[in-house]
Amino acid sequence: LGVTSVRDMGPDAADLATYASFAESGRLTTRVSAAPPERQWADQAKLGIRRGFGTPVLALGAVKGFADGSLGSTTAYFFEPYTDAPATRGLLADEMIPLEGMRERLTGADAAGLQLCIHAIGDQAISVVLDLFTGIAGANGPRDRRFRIEHAQHVAPKDFDRFASLGVIAAVQPYHAIDDGRWAERRIGPERIKTTYAFRTFLDKGVRLALGSDWPVAPLSPILGIYAAVTRATIDGRNPGGWVPEQKITVEEAVRGYTAGSAYAEFTDAEKGTLAPGALADLVVLSEDIFAIPPERIRDVTVRTTIVGGRVVYDAPR
């Protein structure tokens, strides 16, 4: 209800056709930026599609890839074994094997001007993707690429500076921190959780954050995402002061991550993400001022009105 833009990662052709049909008929009331699978990068490239291509309501020009799995399934790829499953460190995704094949496809996509968005959760998967990005930038020369790592959940301390130096965007989903925080320490131990969902460290290192939801895996509501980023209070109520509280960020930083940060991450920061003359008139009206109330109350704030392009697309019953 409070969402004016979404990023659809990995849509198939039928999804894109549906978006196009809705956009053509004026029924698309949320701006959609789509990133089809990286294996299909040539489908966009042969049409001359590049990053940020499309209309104000439907954009293409990016590709989504997978480096590993998830923490919950012990398939996120780590340097060291899982604490509660010492026989495994996780594994790389199928599309990363052989690694040279992934490197060749991503290098080709980047050369064609497409943006690279790669899912990586475990610390070694993230490190391998940073290696790939380094090689791709070297092979294709300097350009405003805005590489993205999707999730970027468990980062090796040595790699924060690499994010910053490469200009890699950490596209993160704060709600996962208050969900996984109930059990993550049992899975990876007390040391690795210090740089898990490390929003504060990213910002302190000069890394750009793009906040999102990972819906339908997590709730779609940006309000809950802001609440999670600011409080880090796990959903079981056992960490009211915050799980790994040193990684909290401020309300202003969280809002910026959802707005200007996400717009920058899809090359649309010139027209959305901020309230400014000439920008698209996308905004929401909330039931309370989230900058003024105690952080723990943010989760109870509701959306009164959603406006996209100056048009009211949702108005709550009064």
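Further up the page is the structure itself.
First, a word on scope: everything that follows refers to the structure included in this document. What you see is a predicted model; the values in this text were computed from it and never measured.

1. Side note on the packing of aromatic side chains
Then, in step 1: Counting across every chain of the model gives 6 aromatic pairs.
Then, in step 2: Measuring from ring centre to ring centre gives 6.5 Å for Y197 and F199, while their planes differ by 65°; the resulting arrangement is edge-to-face. Taken individually, Y197 and F199 each receive the classification buried, so the pair is uniform in this respect.
Then, in step 3: Each member of the aromatic cluster is reached from another via a ring pair, and the members are F160, F163 and F202.

2. Topic: helix α7 (residues 184–192)
Then, in step 1: Restricting attention to buried positions, one finds in α7 the residues A184, R187, I188, G189 and R192.
Then, in step 2: If you follow the buried residues of α7, they end up packed against α4 (123–140) and α6 (175–180).

3. Brief notes about the sheet that holds strand β11 (residues 303–308)
Then, in step 1: Across the sheet, which stays open at both edges, the 3 strands sit in the order β10-β11-β12 with antiparallel pairing between neighbours. Each of the sheet's edge strands pairs with one partner strand only, and the pair in question is β10 (283–286) and β12 (311–315). Neighbour to neighbour, the strand axes of the sheet diverge by 20° on average, direction disregarded.

4. So, helix α1 (residues 13–25)
Then, in step 1: Taking 1.5 Å per residue as the helical rise, α1 with its 13 residues ought to reach 18 Å, and the 18 Å between its terminal C-alpha atoms agrees with that figure.
Then, in step 2: At the N-terminal end of α1, a side-chain oxygen is found 3.2 Å from the backbone nitrogen of A14, two or three residues along, and the residue is D12.
Then, in step 3: Two residues or fewer past α1, G26 is found with a positive phi of approximately 80°.

What counts as what
Residues numbered from 1 in each chain as written. Predicted model: local features only at pLDDT ≥ 70, side-chain atom pairs only at ≥ 80, totals over all residues. Heavy atoms only, no water. Phe/Tyr/Trp six-rings, centres within 6.5 Å; stacked < 30°, edge-to-face > 60°. Buried < 20%, exposed > 50% of the residue type's maximum accessible area, 1.4 Å probe, protein only. Helix = DSSP H or I, 4+ residues; strand = E, 2+ residues; numbered from the N terminus. Contact = heavy atoms within 4.5 Å. Pairing = 2+ DSSP bridges. Axes fitted to C-alpha atoms, helices over the stretch in contact; angles between N-to-C directions. Expected span 1.5 Å × (residues − 1). Polar contact = N/O pair within 3.5 Å; in protein donor to acceptor, adjacent residues only side chain to side chain.

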